[in-house]
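Below, each chain spelled out in residue letters.
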Amino acid sequence: AAGVATGHVVQYARNNGASPLVWSIASGITSDLPYATVTGLQADTSYIFRVAAVTSSGTGPFSPNLIVTTAINNFSLVGNSIGNSAAGSVSLLGANAVQVPVDVTLTLNNGSTNTNAYSAATVMITEGFSTGDTLALATSYSGSITVSFSTTNGSASTRVITTALGTAAAHNGHAYEFVTNKVSWNTARSNALARVNFGEGGYLASVSSAAEDAVLTRLLLEKGADGWLGGSDAATEGTWKWVDGPDRNATFWTGITTGSASGPYTPPWASNEPNNFNNEDYLVKYYSSTASRGGSAGVGNWNDFPESATPNGYLVEYGASATDGVDFAAARTINVSTNRLADFTTSSTIPYTVNGLTASGAFPAVTLGFAPTPNQTLTVIDNTGSGAVSGTFSGQPEGSTITVNYNGDTFTFQVSYTGGTGNDVTLTRIPGPGQIASGQVTTFAGSTSGNANGTGTAARFSSYLYGLTVDSSDNIYVVDNGNAIVRKISSSGVVTNVDSTSGYMGDYHRITVDASGNLYVSDTLQNSVRKFSTNGTMTQIGQGQFRSPSGLVVDRQGFLHVADAGNARILTYNSIGQLVNTRNNSNWYFPAGLALDAAGDLAYMVDAGNAQVWDIKGNRRLAGATNNFRPASLPSSPSSLETLSAKSAPMDGTDTTARFYCPLDIVMGRDGNLYVTDSYFPGGMNPSPQHLIRMVTTNGVVTTLTGGASGNTDGPLGIAKFNNPVSIGTDSFGNLLVRT
């Protein structure tokens, strides 16, 4: 229409196929505003817009129809959580880059069916960025993407990491995007106003805080480019205002180089800027320092440029109006601390991921969110470098231990710098006697042969390991004959030497402990029993009275009972070492192991020569075949027994139908059943094809509990394997402990 334009009119109608269209008029229309405000639109709905000029002669012709689909309503990002700690914190390992997952489960919660439209997301450190910070993407085989944060910056501070749907970064309810396009400032302004993000109109970015400016700096650094901002003093020289968006017409700077800030944020002008050189009226932001810019410009500094300049692009901000129910971004705050923490919320948690670890300083403080299972391994540091870990943490060399409390229980872990893929820092739980899973066989201490104290499998015993006993505090004592010493294993798996027993060479065979902690060890080679008192002294008991003494126990009254195997009898001594009783039976051949009953009295014996279990109190054979195997004379040494006793394979059964190969030791469990090691004497000439733990009820019913062919296999009873189980004991929790 002819005449002078006084404004514009914007009409809109729902694009639902209706005819004729029902047009509504947008509000807030003046000649001064470059946009109109439309309210009351429905989410996820298509609308048709048209605009016409209003002049003194009337309303002019309308523009071609513009079809717009509104944003989806009522959707949000959910499950945004840090992977290493519910508290949202991560600790540093000195100069090592530490990676932690930022969002482990990020999903789109949306009632609409139009979810495929959002095929991109933007993740950014929107606050607290420090030199050395890195965000990395990793895609799993299932197609999910994990974002990890890492830093080599040694200072403690807070980072805010924001994930936003789409290609724009989010901060404080607004979104920001760098558009690569070398155009003039006015062209950049027009292009920005035409952009839309989740229903939000775009405009050249304005800045009202240091945090917001830092987001824009990060966008420029990402692109390696300078960009236009939405500031100008073209209307009035020296009065810098934001031209669009919610801050439209707000003054943020007055004057030139020596001017002053007029808004909530002091602009980071480059040195000697703004200076209006060659009529520079438009705001640009630098991404780095470049000498050719004619002044000292730092990262993120501002400068005034002429309209005709063409930096690499422009910064667009979205947030002109509120979004009804749309939450397109979610933020996570991570507190970066110099305190080293290893917070295992689950067994799969990996607190640190480092490319090439140099270990030094304190070991990370470990916390647990669950009870670890026996021998479970936790990865403290995933060392992604190809080389081995350099150095060790202070006081924690390879094989050392740490203890961690959870829910009132204390768990012991062994430290390894060669775990996982071979160069990770791991913790492997060493099971305490009371923490072994029911129905499972677990290696509690020792692995390969040697002579080394340590914890759990880090300790080394000789292959010539014999007797075993357990005291009232669940400490285990074993006769390490190959190293000529008794070893103590604490209830948490720590192995130490009992120094008072060192140097007594012979053939240590069995061991027991009394209520005061004194140890008694039988020596089959020197035909003696030695008492090692808690004060470190050693005394001989029953000198000249034994021939190949074997099993021994101390009853509730403090009497020591010794299986004098070579003489086929049981001898009893009082607390001062005097012989007070002798038990004989013409049917015994080689009594090898003794056991107390639940009352603490001597009650049971295994006869290795006859392959039988005896009820001593009842003076009767409890299980095993009749004396079919007894030779005319006693063997010259215990190691030849299996050639005399074993004439048939072990067999479960009752009383005389049961068969043992060579029963060596016996103990009564807390369940009231008897448990027997059935194998052969170490060093024998006829090794057993079976290495078994047998269960015998007090009624003489024999079943095989576990074991089989020779091996060294942990696991369920049905698959576990032993190599020559000789001695057996039980702890206060009812667990069986076996020397193998």
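Everything quoted here is computed from the prediction, not taken from an experiment. Each residue is numbered by its place in its chain's sequence as written, counting from 1. Only residues with pLDDT of 70 or above have their local features reported here, since the model is predicted, and side-chain atom pairs are shown and tallied only from 80 upward, although totals for entire chains, interfaces and linings are computed over all residues. Working from all heavy atoms in the structure, the side-chain values ignore hydrogens and water.

*Asks:* Got a minute to help me understand the overall build of the protein chain in this structure?
*Replies:* Of the regular secondary structure elements, the protein chain holds 3 helices and 59 strands. In the protein chain, which comprises 740 residues, the share counted as buried stands at 49%. Secondary structure is summarised from DSSP: a helix means a run of H or I of at least four residues, a strand means a run of E of at least two, and numbering begins at the N terminus for each. Accessibility here uses a 1.4 Å probe with only protein chains present; expressed as a share of the type maximum, an area under 20% marks a residue as buried, one over 50% as exposed, and anything in between as partly exposed.

*Asks:* Honestly, the nonpolar core in this entry has me stumped. Any pointers?
*Replies:* As a rule of thumb, nonpolar side chains are buried together in soluble globular proteins. Within the largest apolar cluster, 25 residues are counted, with the highest numbers of intra-cluster contacts made by Phe-363, Val-380 and Ile-381. Broken down by secondary-structure element, the contributors of at least two residues to this core are strand E27 (341–344), strand E28 (352–354), strand E29 (365–368), strand E30 (377–383), strand E31 (401–406), strand E32 (409–419) and strand E33 (424–430). In terms of residues, this core owes the most to one element, E32, which gives 4 residues. Contacts are residue-level and defined by heavy atoms, with any inter-residue pair within 4.5 Å sufficient. Once residues within four sequence positions are removed from consideration, Phe-363 is found in contact with Val-380, Phe-393, Gln-396, Ile-402, Val-415, Val-425 and Leu-427. Side-chain atoms within 4.5 Å link the members of a nonpolar core, which is a set of buried Ala, Val, Leu, Ile, Met, Phe, Trp, Tyr and Cys residues. Membership of the second largest hydrophobic core comes to 21 residues, among which are Ala-169, Val-207, Trp-242 and Phe-252.

*Asks:* Honestly, a nonpolar patch on the surface in this entry has me stumped. Any pointers?
*Replies:* For patches, a residue must show more than 30% relative accessible area and have no salt bridge; joins then use 9 Å for like charges and 5 Å for nonpolar side chains, namely Val, Leu, Ile, Met, Phe, Trp and Tyr. Each accessible area value is a Shrake-Rupley result obtained with a 1.4 Å probe; residue values ignore everything except the protein chains displayed when judging cover. Any carboxyl oxygen of Asp or Glu that lies within 4 Å of a side-chain nitrogen of Lys or Arg is treated as forming a salt bridge with it. A cluster of nonpolar side chains, Phe-129, Leu-221 and Val-299, forms an exposed patch at the surface whose accessible area comes to about 230 Å². Relative to the elements of secondary structure, Val-299 occurs in the loop between strand E22 (282–285) and strand E23 (302–305).

*Asks:* So what exactly am I meant to see when it comes to the sheet that holds E32 here?
*Replies:* Hydrogen bonds along the backbone pair up the strands of a sheet, which may run parallel or antiparallel. If you trace the 5 strands from one edge of the open sheet to the other, you get E28-E30-E33-E32-E31, paired in mixed fashion. Unpaired on one side and paired on the other, E28 and E31 mark the two borders of the sheet. On average, each strand axis in the sheet is tilted by 30° relative to the strand beside it, whichever way the strands run. Only strands joined by at least two bridges in the DSSP assignment are considered to pair. Here E30 runs beside E33; their pairing, made up of 4 bridges, is antiparallel. Within E33, the residue paired with Thr-377 across the bridge is Thr-428. All axes here are fitted lines through C-alpha atoms, helices being fitted over the stretch that makes contact, and every angle between N-to-C directions spans 0 to 180 degrees.

*Asks:* Sorry if this is basic, but what is going on with the layout of surface pockets here?
*Replies:* Over the atoms a probe the size of a water molecule is rolled, and this reveals where empty space is left. Estimates place the volume of the second largest pocket at around 1,300 Å³. Considering the residues around the second largest pocket, the lining is formed by 48 residues, among which Val-441, Thr-442, Phe-722, Val-738 and Thr-740 are closest to the centre. Put simply, the parts of the chain that give the lining of the second largest pocket at least two residues each are strand E34 (440–441), strand E36 (465–470), strand E37 (476–480), strand E56 (701–708) and strand E59 (736–738). Sorting elements by how many residues they give to the lining of the second largest pocket places E59 first, with 3 residues. Points on a 1 Å grid over protein atoms alone make up a cavity when a 1.4 Å probe fits among them but cannot get out, and a pocket when they form an open set with protein on both sides within 12 Å along at least five of seven lines; lining residues each have an atom within 4 Å of a point. Grid points are joined across faces, edges and corners, and a volume is the space filled by probe spheres set on the points.

*Asks:* Would you explain the sheet that holds strand E47 (residues 579–584) in this entry?
*Replies:* Taken in spatial order, the 4 strands make up an open sheet running E44-E45-E46-E47, and their pairing is antiparallel. Each having just a single partner strand, strand E44 (549–554) and E47 make up the two edges of the open sheet. Across the sheet, the mean angle separating the axes of adjacent strands is 20° when strand polarity is ignored.

*Asks:* Any chance you could explain the environment of Ala-445 here in plain terms?
*Replies:* Mapped onto the secondary structure, Ala-445 falls in the loop between E34 and strand E35 (454–455). For Ala-445 and Gly-493, which are 48 residues apart along the polypeptide, the C-alpha to C-alpha distance reads 6.3 Å. In contact with Ala-445, other than residues within four places in its own chain, are Gly-456, Thr-457, Phe-461, Ile-489 and Val-495.

*Asks:* Explain empty space enclosed by the protein to me, please; I cannot follow it from the model alone.
*Replies:* For the coordinates displayed, the defined rule picks out 3 cavities of 30 Å³ or more. The volume enclosed by the largest cavity comes to roughly 60 Å³. Tyr-520, Lys-531, Ile-541, Val-554, Gly-558, Phe-559, Leu-560, Tyr-573, Asn-574, Ser-575 and Gly-577 are the residues that line the largest cavity. Nonpolar residues are Ala, Val, Leu, Ile, Met, Phe, Trp, Tyr, Cys and Pro. Charged residues are Asp, Glu, Lys and Arg, and all others, Gly as well, are polar. Residue classes in the lining of the largest cavity are distributed as 6 nonpolar, 4 polar and 1 charged. There is about 50 Å³ of room inside the second largest cavity. At 3 residues, the largest contribution of residues to the lining of the second largest cavity is made by E33. In terms of residue class, the lining of the second largest cavity is made up of 3 nonpolar, 6 polar and 1 charged.

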